[in-house]
Structure formats: structure tokens, C-alpha cells
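# A closer look at the structure
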Amino acid sequence: MKASPAQARTVEAGLPAEAEEVAFDIKNFSLWYGQRQALQDVTIRIPAKKVTAIIGPSGCGKSTFLRALNRMHELTPGTRLEGSLRHFGEDLYGPGVEAVAIRRRVGMVFQKSNPFPTMSIAENVLVGLRLNGVRDKRVLQSRLEESLHMAALWDEVKDVLNRPGTSLSGGQQQRLCIARSLAVQPETLLMDEPCSALDPLATAKIEELIQTLRERYTVVIVTHNMQQAARCSDRTAFFYLGRLIEFGNTRNIFTSPSNPQTEAYVSGRFG
Amino acid sequence: MPAPGSRGPDIAFKWVAMFAAAMIVVLIVMVGWELYYGSRLAIAKFGAGFLWSSEWDPVLERFGALPFIFGTLVSSLIALLIAVPLGVATALFLTELAPLKMRQPIIIAIEMLAAVPSVIFGLWGIFVLIPWLRDSLFVWLKRFLGFLPLFQGPIYGLSMLAAGIIIAIMILPIVTSISREILRSVPNLQREAAYALGATRWEVLKIAVLSYARRGLFGAAVLGLGRALGETMAVTMVIGNRPQISASLFAPGYTLASVVANEFTEATTDLYQSALFEIGLVLFAVAILVNAAAQVMLKSMSGSGPVKVN
Ligand SMILES: Nc1ncnc2c1ncn2[C@@H]1O[C@H](COP(=O)(O)OP(=O)(O)O)[C@@H](O)[C@H]1O
Ligand SMILES: [Mg+2]
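Overview of the structure. Everything numeric in this text was worked out from a predicted model, so none of it was measured. (Residues numbered from 1 in each chain as written. Chains lettered and ligands numbered in written order. Predicted model: local features only at pLDDT ≥ 70, side-chain atom pairs only at ≥ 80, totals over all residues. Heavy atoms only, no water.)

## Some points on the interface of chain A and chain B
Taken residue by residue, the interface counts 23 residues in chain A and 19 residues in chain B. Of all residues in chain A, Phe116, Thr118 and Leu131 of chain A bury the most surface against chain B, accounting for 32% of the area lost on that side. Between the two partners, chain A and chain B, sit 2 salt bridges. Here Arg67 of chain A makes a salt bridge to Glu192 of chain B, at a shortest N to O gap of 2.6 Å. Our count for the chain A to chain B interface comes out at 5 residue pairs in polar contact (both at pLDDT 80 or more). Contributions of two or more residues to the side of chain A that touches chain B are made by helix 3 (99-105), strand 6 (106-109), helix 4 (121-131) and helix 7 (170-183) of chain A. Of the residues belonging to the side of chain A that touches chain B, the class tally is 12 nonpolar, 6 polar and 5 charged. (Contact = heavy atoms within 4.5 Å. Buried area = accessible area lost by both parts, 1.4 Å probe. Salt bridge = Lys/Arg side-chain N within 4 Å of Asp/Glu carboxyl O. Polar contact = N/O pair within 3.5 Å; in protein donor to acceptor, adjacent residues only side chain to side chain. Helix = DSSP H or I, 4+ residues; strand = E, 2+ residues; numbered from the N terminus. Nonpolar A, V, L, I, M, F, W, Y, C, P; charged D, E, K, R; others polar.)

Encoded structure:
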């Protein structure tokens, strides 16, 4: 490890000392549901154009953390947070910053696929663009194809674009939801256990897709599946009881974690 | 796997349920038969012409149902046009927008509205609503929308429009509470999908909530219509009870349900009584037809939101 002053801060934040672009710069972040504290003093720098996995036992605050990154947690009444969260330099909770604008830059894919059942496959992909007021047929068509290609779904649906989104299989529906998120061209994609309801084959497809996404997007993925984290992420963050216990290169976290709790979790001794 | 021995009660329950379902069908058929039997004199005398004759003259014993069919359909339609948007909007407000503390009081108020007896609405109609309509709303409508035939002619107060408004108030609770159930059944995940795309609250309502719920909301409207068609007491008190067909909503009218309720005790001749029976038969048929048509429309509507009619 080099010890130049520029890198001293990354070391301090518990990060590998590499010069890289930061997507989320989060300092001393705590979050409460009413009186109950769900996250405590989390400080982390999530790199851009990389896949970061969030792991930890159930209830440790993974979803809570993820949902704070695009302000989805504001839909839950009674939440309160402290600390500083920046996304590519922009203060997510700064005065005058609108959650609606943040969510267009930070997309989200959920545990259960949730296409809009009254819309066709094409309409599902394009609904976000329509919200943004895009009317140009050519733009819509090209974005439709591009998004479905990115989501590795194009070949399977190109002939049935007018079928309802819900007519697809579970794995296809989840990829449709990914395409829907990508269509509005976010910088970052958050995924909350996107494969937990899918069979191994569909899971493999999505993991493969995540690999291609990192070329253009920052991906933060919550998973309870440690093999998945090991397979498809560059960085891994281990949360336990609302705290960030360890964050580092995925290989290091799984082979030589520095914290005994991380060690215990990744070796399957609890959680 | 059911435990051994639980099959007996299972089978018994199945038979009880089937019996109950069969009883409902039998009851409907019996009511239909009874109405038909009571109206056979009028059917023999007037034939199908009963349906499109607009004469109603108990003295000359000439009877036709058209003004009543017209009155029932028009007053119910007015009621739906008012109650469905209002009820759905209220339900949206209650499920999606209102602060948690405000919800329960509003829900209780709406439920209380449902508990008010029909005749009380009638009295309120006569003493409060009608004078206000006559002196304010109708005058205003006539001044600004008077170029439409709907809002022309003399203003009496007792009118088709007054009946429509009273019915709207009376079906509002059921339309609202069913709409609320429908909206509550929209999965949160649908809303979150829209929010995650950067949708505003209104956009979420449009793309995630209303489109998911539209079939169910249509069902709520049909149930409201079912109520509206049969509404009797309050309507009789405010509609003016004149068997006529007029383009003006300010004109008095009459409905199938009110003429039966109003004139049955005065129906001294067999033919008069039989004609009223046939009016009842027509009301019965209209209600069944409306429901059947709604079911067909519901089937043809695309989308896979929850279907909840009846
Ligand atoms: N809406 C909520 N209201 C109150 N407490 C919540 C809510 N959502 C989550 N929690 C609590 O916050 C903690 C973290 O939850 P969550 O982020 O969902 O965990 P994970 O995704 O890691 O399983 C849990 O203890 C959970 O009970
Ligand atoms: Mg979770």
C-alpha cells in the first residue's frame, strides 16, 4: 500500500487504496424507523462502474441502506436520517434536491419482479421515458431495443412486444424490470435481492447480465446468497446489526477478511 | 394433506355451500316467475308494446313502461356520473394521500352516510336540497349551460336532476368503500415500481394504482348502478312522479321503482295492478341485464388487475 496523502482518506474510510471514481460517498450515515435505529454511523465510498455487493444476515439493514440511496425509504412514514450521502458529488438530501430527480438517476430493481400488469412489454420498458415526456417515436423505439438488449431480453421478446409484461416467465419479468430501469438511463442501478425468487437458470442469466452492466453503470446489489456476491461483485460490504463491519475487494472479503465477524459470516457459521 | 376424519365435515360443507348457491338461483327464478305471473293480464293486453308505449292512464286503463324505464336509466346515469368520480376520488384520497390521522374519521363519516334511512334523505331532499337547487344551482346551470336542451325549460325543483343527485349521495358510500378496498388491494410493489422510475405522486396514481385497479373500480361502479336502479323512497319524494319523457333534466320524471311503490295501494282494478307487476318485471330485467352487460364488458377489458364484482 502506498501512503500518499491523497489516499490516506480512502484508507481511513476502510477502502482499498486505489484512485477511482466514487459513485456514493457516504459519511456517518444513521437511519431510524421511529424510535428504532436501523443503521448506525455507516461510512462507505461505493466506486463507480463497479458492482458492489451488500451482504449480511437478515434484518441487518441491507434493504434499508439500499433504499436510502435513492430515497425510496421516504415512502415509509416516520423515518429519519443523519449523515451525509453524496451521489457523484451531489448531496442526495441537500436543500432543494427532489427525490423524483434522484430516482431518475438512481434506478431500482426489487426482490419480486413487478411489471405493470396492464401494460405490454414495450409499454413497461418505455413507461419511465413517457413520464419524462419523451414523445419522439424514433427515440422510443431505439431506447426500447437498447434497453432490452442491455437486459439480455431482446431476443426472447422481440416478436411479442405487445403481449402483457406479466405473460413472461419469472426470470424474464425480472429482466423486463431491469430493462424498465435502464430505459431512463440512470447512472446507478440498485438491486435488492433480485434473484431470490428465481430458479438457478434464471439467476445465472441475471448474474451474467450484471457483469455486462458494470461497463456502463454503477451497480449496488443486496444479496443473501454469498456465492452470488463472490461470483458477480467487485466489492463487498458486510453489514451486521445495522453497522458496516467490513468493506473491501470481494476476493479479500471472502478469502481473508480482517474482521472475525465477517469471517464467521462468510464461512457460514451464522446468518 | 387433510387429517383423516376431516373429510366428513369437508363434504358436508361442500353440500351446504352448494345448497345455498342453488337456493339463490331458485329464489331469483321464483321472483321472476312471480312477477311474470302477476303481470300476465297486462302482458296479454298490451304485448311487447308495453315497453315502448309512453302512455300511463289509470282511468282509461292504458299502460306503458317507457317513461319509467327512461326515468330509471337517466336518474341512475346522473347518479353514476356524480358518485363514481367522487367516490373513486375519495377512495384515492383515503388510501394514497390523506394523513393517517385523517383517514379514520372520514371513513366513519362515510359509513354513517350509508346508515341514514332512505326516507330521511327524501325529507332532506324536499326541505333542503330542492329549495337550494331551485333557487341556486338550477338557475346557474340554466344561465350558463342553457344552450343545452338538458338545462332548458321551467324549473320546478322536483326533477330528474334532483333525483339523480339524491341517488348519487345514497350510493356514494358503497362506491367509496368498494373503491377503497380495490385500491388497498393494489400491491405496494406496484407503487414502488413507479416511484423508482422517478414518478411523482400523481404519476404513481395514474400508472401504478388506477391502471392496476381499473377493472375493480369498474366493478364498484356497476355495484353502485345496481343500487341506483332500485332506489325507491327518496327518489319518489324528489323526482316529481310525472310519467313523461323530457330532454330537460329540470323536468319531473318517474322511475320504475317509484311508480310501483307509489301506486300499488291505489291500483284498484286488476289490469292496473297487473301493469304495476309488469313494471316490476321490467325493473327486475333491467337490473339483470345491466349486471350481465357489465360482466361481459369486464371480460373484454384487457389487463389483469383483480376482478372484484359482487
Ligand atoms: N418499515 C419499517 N418500519 C420499522 N422497522 C423496519 C421497517 N423496515 C425495516 N425495519 C427494521 O429495520 C431493520 C433492517 O431491516 P432491513 O433493512 O429490511 O433488513 P435486511 O434487508 O437486511 O433484511 C430490521 O430490524 C427491520 O425490522
Ligand atoms: Mg431486505
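## Remarks on the packing of aromatic side chains
Each aromatic ring pair is summarised here by two numbers: the centre-to-centre distance and the angle between the ring planes. Within this structure, the stated rule accounts for 17 aromatic pairs over all chains. Ring geometry for Trp56 of chain B versus Tyr272 of chain B: centroids 6.3 Å apart, planes at 65°, classification edge-to-face. Taken together, the residues span a long stretch of sequence, with Trp56 of chain B in strand 1 (residues 56-57) and Tyr272 of chain B in helix 12 (residues 270-300) at a distance of 216 residues. The exposure class assigned to Trp56 of chain B is buried, which follows from its relative accessible area of 11%. Accessibility expressed as a relative area gives 6% for Tyr272 of chain B, which makes it buried. The structure contains a cluster of three or more aromatic residues connected by ring pairs, namely Phe46, Phe50, Trp56, Phe63, Phe68, Tyr254 and Tyr272 of chain B. The ring of Trp32 of chain A carries the charged tip of Arg80 of chain A above its face, separated from the ring centre by 4.2 Å. Across the ring face of Tyr156 of chain B, the terminal group of Arg242 of chain B is positioned such that the distance to the ring centre comes to 5.5 Å. (Phe/Tyr/Trp six-rings, centres within 6.5 Å; stacked < 30°, edge-to-face > 60°. Buried < 20%, exposed > 50% of the residue type's maximum accessible area, 1.4 Å probe, protein only. Lys NZ or Arg CZ within 6 Å of the ring centre and 35° of its normal.)

## Some words on the site of ligand 1
All names here are of chain A. Contacts to ligand 1 come from Tyr33, Arg36, Ala38, Ser58, Gly59, Cys60, Gly61, Lys62, Ser63, Thr64 and Thr76. In the environment of ligand 1, a nitrogen atom lies 3.5 Å from a nitrogen or oxygen atom belonging to the side chain of Tyr33. The backbone of Cys60 places a nitrogen or oxygen atom 3.3 Å from an oxygen atom of ligand 1. Within the complex, the protein chains bury 64% of what would otherwise be the 560 Å² of accessible surface of ligand 1. Element by element, the count of residues in the shell around ligand 1 is highest for helix 2 (residues 62-68), at 3 residues. For the shell around ligand 1, the per-class residue count stands at 3 nonpolar, 6 polar and 2 charged. (Near = heavy atom within 4 Å. Areas by Shrake-Rupley, 256 points an atom, 1.4 Å probe, with all protein chains shown as cover.)

## Things to note about unusual backbone geometry
A negative phi angle is the norm for most residues apart from glycine, just as the trans form is the norm for most peptide bonds. Residues other than glycine seldom take positive phi values, yet Glu193 of chain A does so here, at roughly 45°. Inspection of the secondary structure assignment puts Glu193 of chain A in the loop between strand 7 (188-192) and helix 8 (200-213). Non-glycine residue Asn241 of chain B carries a positive phi angle of around 50°. Looking at the element boundaries, Asn241 of chain B is found in the loop between helix 10 (233-238) and helix 11 (256-263).

## Considering a nonpolar patch on the surface
Residue and element names in this part refer to chain B. Side chains of Val116, Val119, Ile120, Leu123, Trp124, Ile126, Phe127, Val128 and Met233 sit close together on the surface and give an oily, nonpolar patch of about 750 Å² of accessible area. When residues in the nonpolar patch are grouped by element, the largest group, 7 residues, is from helix 6 (residues 118-145). Residue placement: Val119 occurs in helix 6. (Patch = residues over 30% accessible without salt bridge, like charges linked within 9 Å, V, L, I, M, F, W, Y side chains within 5 Å.)

## Thoughts on a positive patch on the surface
A cluster of basic residues, Arg130, Arg135 and Lys137 of chain A together with Lys206 of chain B, forms a positive patch on the protein surface. Tracing the backbone through its elements, the reader meets Arg130 of chain A in helix 4. Arg130 of chain A sits in the partly exposed class, given a relative accessible area of 38%. (Lys, Arg positive; Asp, Glu negative; His and termini not counted. Charge placed at Lys NZ, Arg CZ, Asp CG, Glu CD.)

## Looking at the environment of Ile126 of chain B
Residues and elements named next belong to chain B. Position of Ile126 relative to the elements: it lies in helix 6. Between the alpha carbons of Ile126 and Leu158 there is a distance of 8.2 Å; along the sequence they are 32 residues apart. Residues in contact with Ile126, not counting those within four places in the same chain, are Pro131, Met237 and Val238.

## Comments concerning helix 9 (residues 201-230) of chain B
In this model helix 9 of chain B runs just 38 Å from its N-terminal to its C-terminal C-alpha over 30 residues, more than 12% under the 44 Å that 1.5 Å per residue would give. At Arg214 of chain B, helix 9 of chain B shows its largest kink, close to 60°. (Expected span 1.5 Å × (residues − 1). Bend = angle between axes of the 7 residues up to and from the residue.)

## Considering the side chain of Ser147 of chain A
All names here are of chain A. Within the element layout of this structure, Ser147 appears in helix 5 (residues 137-150). The exposure class of Ser147 is buried, given its relative accessible area of 4%. Excluding residues that lie within four positions of it along the chain, Ser147 makes contacts with Val125, Ala179, Leu182 and Ala183.

## Quick word on the side chain of Ser30 of chain A
All names here are of chain A. One can find Ser30 in strand 1 (residues 22-33). A relative accessible area of 8% means that Ser30 is categorised as buried. At 2.9 Å, the side chain of Ser30 and the backbone nitrogen of Asp41 are in polar contact.

## So, helix 1 (residues 7-38) of chain B
Residues and elements named next belong to chain B. The end-to-end C-alpha separation of helix 1 is 46 Å, in line with the 46 Å expected for 32 residues at 1.5 Å each. Among the residues making up helix 1, those that are buried are Gly32, Leu35 and Gly38. Of the surrounding secondary structure, the elements contacted by the buried residues of helix 1 are helix 2 (40-46) and helix 12.

## Here's the deal with the state of the cysteines
Joining two cysteines, a disulfide is a covalent bond between their sulfur atoms. Residue and element names in this part refer to chain A. Enumeration over the complete set of coordinates arrives at 0 disulfides over all chains. The closest cysteine sulfur to the non-disulfide-bonded Cys177 is located on Cys195, 12 Å from its own sulfur. Exposure remark for Cys177: the relative accessible area of 3% places this residue in the buried category. Just so you know, Cys232 is unpaired, no disulfide at all, and the nearest cysteine sulfur is the one on Cys195, 7.5 Å from it. Exposure remark for Cys232: the relative accessible area of 2% places this residue in the buried category. (Disulfide = S-S within 2.5 Å.)

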